[in-house]
Amino acid sequence: MSDKKISAAPSWLGLSDDRKQFLFLPERAEVVRRIFELAIGGMGSYAIANYLDERKVPTFTNSESWDHTSIDYMLRNRATYGEYQPKSFAGGHKKGIPSGPPISDYYPAVIDRKTFETAQIARRQNLANRGRKGNDLANIFAGLAKCAYCGHELIFHRVANVQVLACDQVLNGKGCTRTAWTYEDFEITVLPFLAHPALVERAQGDRKVKLVELADKIANLPTSQEPYAVRVDISVLLKGIIAEMVVHSAGIVSNPRLPSASITKDVRGRFLEIRLWDGPLEKCICIS
Ligand SMILES: [Zn+2]
């Protein structure tokens, strides 16, 4: 780095007293890493801001609460992995326009480039998914569950004020089974299955650690003081654990129905299959 004084540092870095060097601040770096992890786990910037507020994580400014725009800015900022893009402010450009090639290893990196790129893919998917915005982390299985009959994603939806999971094709009026699974019932079927000691027992190493962590979060969920934050944690863990989730909302036999038929909820014999990592598909049956 040159002898020139630095005028400003990214919010997660500090400046040395002589303003000639950036300082790596481990606590802030940890927060940035967490933000990327949550984004990769499927959370949008609003949800991440709420999560950090709920956890009382101090902001990097004087502000008392996290702002989704600054989180979004951070998630798009290549300075997080150390890259600096020189800019020209000629012609009165307020934000500046890129001038010359980017310089790598300019800032102390708080994440690696691969994490950054993975987060960009996740961000685009988050933005494309309607209904993820805001406080509502109602569906912790978003992006995970798919229809056994047509392969389309199961979408969170309200039918007569009841929250359900239903096949995308059903909701788009394109047929499929016209069946849905009450969301609450779905969650109380799947979560105990995933927290089952036998499942945890079979896993090894890192996988076991993750399953134990998941089981612990699930067990604490009903009494938690901060259920939203715990649900976020569970959602992030699920995305790392579940490789496939196939939902048979109409049971073994499914008869495609006319797009005009009403949606039937909670069909007897409904079940789902779950594959953890590269393991086998395991059957999870709803007992109600
Ligand atoms: Zn379907």
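Since we're looking at a predicted model, the values are computed, not measured. (Residues numbered from 1 in each chain as written. Predicted model: local features only at pLDDT ≥ 70, side-chain atom pairs only at ≥ 80, totals over all residues. Heavy atoms only, no water.)

Chemist: Whenever I open this one, the overall build of the protein confuses me. Can you help?
Modeler: For the protein, the helix and strand inventory stands at 9 helices and 12 strands. Its C-alpha atoms give the protein principal-axis dimensions of roughly 75 × 45 × 35 Å. Counting all 288 residues of the protein, 43% fall into the buried class. About 16,000 Å² of surface is accessible on the protein, with carbon and sulfur atoms providing 52% of the total. Each charge class in the protein can be summarised by its mean position, and for the 38 positive and 32 negative side chains these summaries are 6 Å apart. (Helix = DSSP H or I, 4+ residues; strand = E, 2+ residues; numbered from the N terminus. Buried < 20%, exposed > 50% of the residue type's maximum accessible area, 1.4 Å probe, protein only. Areas by Shrake-Rupley, 256 points an atom, 1.4 Å probe, with all protein chains shown as cover. Lys, Arg positive; Asp, Glu negative; His and termini not counted. Charge placed at Lys NZ, Arg CZ, Asp CG, Glu CD.)

Chemist: I would appreciate a short explanation of the coordination of the zinc ion in the present structure.
Modeler: Geometry reference: four tetrahedral donors at a metal, ideal angle 109.5 degrees. Six octahedral donors, ideal angles 90 or 180 degrees. In the first shell of the zinc ion, the protein supplies Cys147 (SG), Cys150 (SG), Cys167 (SG) and Cys176 (SG), at 2.2 to 2.3 Å from the metal. Here the zinc ion is ringed by 4 donor atoms whose angles at the metal span 92 to 118°, and the overall shape comes out tetrahedral. Here the donor residues of the zinc ion are spaced in sequence according to C-x2-C-x16-C-x8-C. Note that cysteine 150 is positioned in the loop between β5 (145–147) and β6 (154–159) and cysteine 176 in the loop between α5 (168–171) and β8 (179–182), a separation of 26 residues in sequence. Taking relative accessible area as the criterion, cysteine 150 reaches 33% and is therefore assigned partly exposed. (Donors = N, O, S within 2.8 Å, 3.2 Å for Na, K, Ca; no water. Tetrahedral: all angles 85-135°; square planar, octahedral: opposite > 155°, others 65-115°.)

Chemist: I would appreciate a short explanation of the domain arrangement of the protein in the present structure.
Modeler: Interface size is often expressed as the accessible area that is lost when the parts come together. Splitting the protein by domain gives domain 1 (13–128) and domain 2 (145–285). In this structure, domain 1 and domain 2 have C-alpha centres spaced 33 Å apart. The interface of domain 1 with domain 2 comprises 10 residues on the first partner and 9 residues on the second. Summing both sides of the interface, domain 1 and domain 2 together bury roughly 820 Å²; the carbon and sulfur share of this comes to 53%. Area buried by domain 1 at its contact with domain 2 is led by Gly41, Glu54 and Arg55, which between them contribute 58% of it. In this structure, the connection of domain 1 to domain 2 is made through 2 salt bridges. Linking arginine 34 and aspartate 233 is a salt bridge whose minimum nitrogen-to-oxygen distance equals 2.9 Å. Scanning the region where domain 1 abuts domain 2 turns up 3 residue pairs in polar contact (both at pLDDT 80 or more). Here the side of domain 1 that touches domain 2 gets 4 residues from one element, more than from any other, and that element is helix α2 (residues 45–54). (Domains from an automatic or database assignment. Contact = heavy atoms within 4.5 Å. Buried area = accessible area lost by both parts, 1.4 Å probe. Salt bridge = Lys/Arg side-chain N within 4 Å of Asp/Glu carboxyl O. Polar contact = N/O pair within 3.5 Å; in protein donor to acceptor, adjacent residues only side chain to side chain.)

Chemist: I keep staring at the packing of aromatic side chains and nothing clicks. Help me out?
Modeler: To describe a pair of aromatic rings, one takes the distance between the centres and the angle between the planes. Going through the model one piece at a time under the given rule, you end up with 12 aromatic pairs. Considering the side-chain rings of phenylalanine 22 and tyrosine 107, the 4.9 Å spacing of their centres and the 55° angle between planes classify their relative orientation as tilted. Within this pair, whereas phenylalanine 22 is found in strand β2 (residues 22–24), its partner tyrosine 107 is found in the loop between β4 (97–98) and α4 (113–128), the two being separated by 85 residues in sequence. Note on tyrosine 107: relative accessible area 13%, which makes it buried. Summarising the aromatic geometry, the rings of phenylalanine 141 and tyrosine 183 are spaced 6.3 Å apart at their centres and angled 55° between planes, so their arrangement reads as tilted. Here tyrosine 183 lies in helix α6 (residues 183–194) and phenylalanine 141 lies in the loop between α4 and β5, a separation of 42 residues in the sequence. (Phe/Tyr/Trp six-rings, centres within 6.5 Å; stacked < 30°, edge-to-face > 60°.)

Chemist: Can you help me understand the nonpolar core in this one?
Modeler: When a protein is soluble and globular, its nonpolar side chains tend to lie buried together. Ranked by size, the top nonpolar core spans 38 residues in total, and within it Leu194 and Met245 carry the most contacts. Of all the secondary structure elements, the ones that give two or more residues to this core are β5, β7 (162–167), α6, α7 (197–202), α8 (205–220), α9 (227–241), β9 (242–248) and β11 (271–276). Of all the elements, α6 adds the most residues to this core, at 6 residues. Setting aside chain neighbours within four positions, we find leucine 194 in contact with Leu199, Leu211, Leu214, Leu238, Ile242, Ile274 and Leu276. Counting 33 residues, the second-largest nonpolar core is a separate cluster that includes Leu13, Ala49, Trp66 and Met74. (Core = buried A, V, L, I, M, F, W, Y, C linked by side-chain atoms within 4.5 Å.)

Chemist: I would appreciate a short explanation of the environment of proline 101 in the present structure.
Modeler: Tracing the backbone shows proline 101 in the loop between β4 and α4. Residue class for proline 101 comes out exposed when judged on its relative accessible area of 64%. Non-local contacts of proline 101, meaning those with residues more than four positions away in its chain, are made with Gln85 and Pro86.

Chemist: Help me understand the sheet that holds β7, please; the structure alone is not making it clear to me.
Modeler: Either a parallel or an antiparallel arrangement is found when strands of a sheet pair, and the pairing is made through backbone hydrogen bonds. A sheet is described by the order of its strands in space; here 4 strands give the open sequence β6-β7-β8-β10, paired in mixed fashion. Two strands lie at the open edges of the sheet, namely β6 and β10 (264–265), each paired on one side alone. Against the sheet, α6 makes contact with β6, β7 and β8, and its axis sits at roughly 65° relative to β8, the strand it touches most. (Pairing = 2+ DSSP bridges. Axes fitted to C-alpha atoms, helices over the stretch in contact; angles between N-to-C directions.)

Chemist: Help me understand helix α1 (residues 26–40) in this model?
Modeler: An α-helical segment advances 3.6 residues per turn. Residues three or four places apart therefore align on the same side. In this model α1 runs 21 Å from its N-terminal to its C-terminal C-alpha over 15 residues, within 8% of the 21 Å that 1.5 Å per residue would give. Those residues of α1 that fall on the buried side of the exposure criterion are Ala29, Val31, Val32, Ile35, Phe36, Leu38 and Ala39. Residue glycine 42 follows α1 closely and has a positive phi angle near 110°. (Expected span 1.5 Å × (residues − 1).)

Chemist: Would you mind going over the pattern of salt bridges with me for this structure?
Modeler: Close approach of charged atoms allows side chains with opposite charge to pair. Per the counting criterion, the structure on display carries 16 salt bridges. A salt bridge links aspartate 233 to lysine 217, with the nearest nitrogen and oxygen atoms 3.2 Å apart. Here aspartate 233, found in helix α9, pairs with lysine 217, found in helix α8; they are 16 residues apart in sequence, far enough to count as distant. On the basis of relative accessibility, which here comes to 5%, the residue aspartate 233 falls in the buried class.

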